[in-house]
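# Summary of structural features
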Amino acid sequence: QLIEFCHIILIVSKSEGRISNSLSALLTKDNDNKAFQWAQAIAQNLEQGHSIEESCKILENIDPVLNRLLPLILKKQLYNLLEAYIRFLTFLELLKEDTKNALFYPFIVSCLLFLSLLQLNYILFPEMEKIVQDFGVNSPFLMNILFFANKTYWPLSLLIPVFILLFLCLTTLSVFNGRLFANSLIAKFTGIQTALRLQEISRIQHMIGLYLLSGETLEKSIETVAELSTQK
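Quantities reported herein were computed from a predicted structural model and do not represent experimental measurements.

Along its length, the chain carries 11 helices and zero strands. Reading the chain from its N end, one meets helices and strands in the order α-α-α-α-α-α-α-α-α-α-α. Counting the 232 residues in the chain, one finds 40% classified as buried. Contacts in the chain between residues far apart in sequence, at least 24 positions, make up 52% of those at least 6 positions apart. Counting every atom, the chain has about 14,200 Å² of accessible surface; 60% of that belongs to carbon and sulfur.

Listed below in structure tokens is the structure:
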């Protein structure tokens, strides 16, 4: 939606006439699309006489980076900067997809492990326990620590299935959320910590580059990016 919004603003900004008039002409009919709604809100604010900075404040909670860049872009007609920001957003989407792909293999392996453990607990281990009891010997240690269906071996037998389920939950949340940091546990478990650290550095470099393109000094660009970046 954000990429689509940037494309709308780019098309409108390159059109002739006042920005607010161009936006109004483009966005006359009702639309449930969020990108169009954001553009309509900015158009209405501009038509009511608000400044570009005030009009763009609706983006503060949507995209803080664009909230600061858009007034500079519209005032200075830095269309190349808006195009660069679209490329930056596309780059972030590709990184999210790469992260999901990287987590897919450990996620599938964990699912197979848990399904195999269920099969052992409800098919093989009960039969083995009967055989062991018939022979009057102690159960194998490996069976005891894996046989969570039998409460006799709790809590020892719960450690492995709980760990697998926790790992599955973390990978599922990371895949759907798309936000995974290099210092997170899931990154360390899956071995993608270095790759994620390089991605984070790349994001910072892209953001600093965008503010430099807008005409900001290097010091100001780094200060702005530091304010916008999360603690992680």
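So, next bit.
Next up on the list: the pattern of salt bridges. Pairing between side chains of opposite charge can happen when the charged atoms of each approach one another. Under the defined criterion, the tally for this structure stands at four salt bridges. Lys75 is the salt-bridge partner of Glu53, the closest N and O atoms lying 2.4 Å from each other. Note that Glu53 is positioned in helix α4 (residues 52-55) and Lys75 in helix α5 (residues 64-76), a separation of 22 residues in sequence. Glu53 sits in the partly exposed class, given a relative accessible area of 33%. The salt bridge partner of Glu200 is Arg197, with a shortest N-O separation of 2.8 Å. Separated by three residues within a single helix, Glu200 and Arg197 lie in helix α10 (residues 193-213), roughly one turn from each other. Glu200 gets classed as buried once you look at its relative accessible area, which sits at 11%. Owing to a relative accessible area of 38%, Arg197 belongs among the partly exposed residues under this scheme.

Now for helix α6 (residues 79-135). With 57 residues, α6 should cover 84 Å at 1.5 Å per step; its first-to-last C-alpha distance of 81 Å lies within 8% of that length. Within α6, the axis deviates most sharply at Leu124, by approximately 40°, and proline Pro126 lies no more than four positions further along. Count one or two residues on from α6 and you reach Gly136, which has phi positive near 70°.

This paragraph deals with the packing of aromatic side chains. Remark: the centre distance and the inter-plane angle together describe each pair of aromatic rings, the angle taken between the planes. Overall, the coordinates contain three aromatic pairs when judged by the stated rule. Ring centres of Tyr85 and Phe88 lie 5.8 Å apart, and the angle between their planes is 35°; on these two criteria the pair is classed as tilted. Here Tyr85 and its partner Phe88 are both found in helix α6, three residues apart, which amounts to about one turn of the helix. The residues Tyr85 and Phe88 share a single accessibility class, namely buried.

A few words now on the packing of helix α1 (residues 2-13) against α5. The geometry of α1 relative to α5 is characterised by a closest axis approach of 12 Å and an angle of 10° between their N-to-C directions. Taken together, α1 and α5 sit at an angle that is classed as roughly parallel. Judged by residue contacts, Leu2, Phe5, Cys6, Ile9 and Ser13 of α1 engage Leu66, Leu70 and Leu74 from α5. Taken together, the residues that form the contact of α1 with α5 break down as seven nonpolar, one polar and no charged.

About the cut-offs
- Residues numbered from 1 in each chain as written.
- Predicted model: local features only at pLDDT ≥ 70, side-chain atom pairs only at ≥ 80, totals over all residues.
- Heavy atoms only, no water.
- Helix = DSSP H or I, 4+ residues; strand = E, 2+ residues; numbered from the N terminus.
- Buried < 20%, exposed > 50% of the residue type's maximum accessible area, 1.4 Å probe, protein only.
- Contact = heavy atoms within 4.5 Å.
- Areas by Shrake-Rupley, 256 points an atom, 1.4 Å probe, with all protein chains shown as cover.
- Salt bridge = Lys/Arg side-chain N within 4 Å of Asp/Glu carboxyl O.
- Expected span 1.5 Å × (residues − 1).
- Bend = angle between axes of the 7 residues up to and from the residue.
- Phe/Tyr/Trp six-rings, centres within 6.5 Å; stacked < 30°, edge-to-face > 60°.
- Axes fitted to C-alpha atoms, helices over the stretch in contact; angles between N-to-C directions.
- Parallel < 35°, antiparallel > 145°, perpendicular 65-115°, else oblique.
- Nonpolar A, V, L, I, M, F, W, Y, C, P; charged D, E, K, R; others polar.

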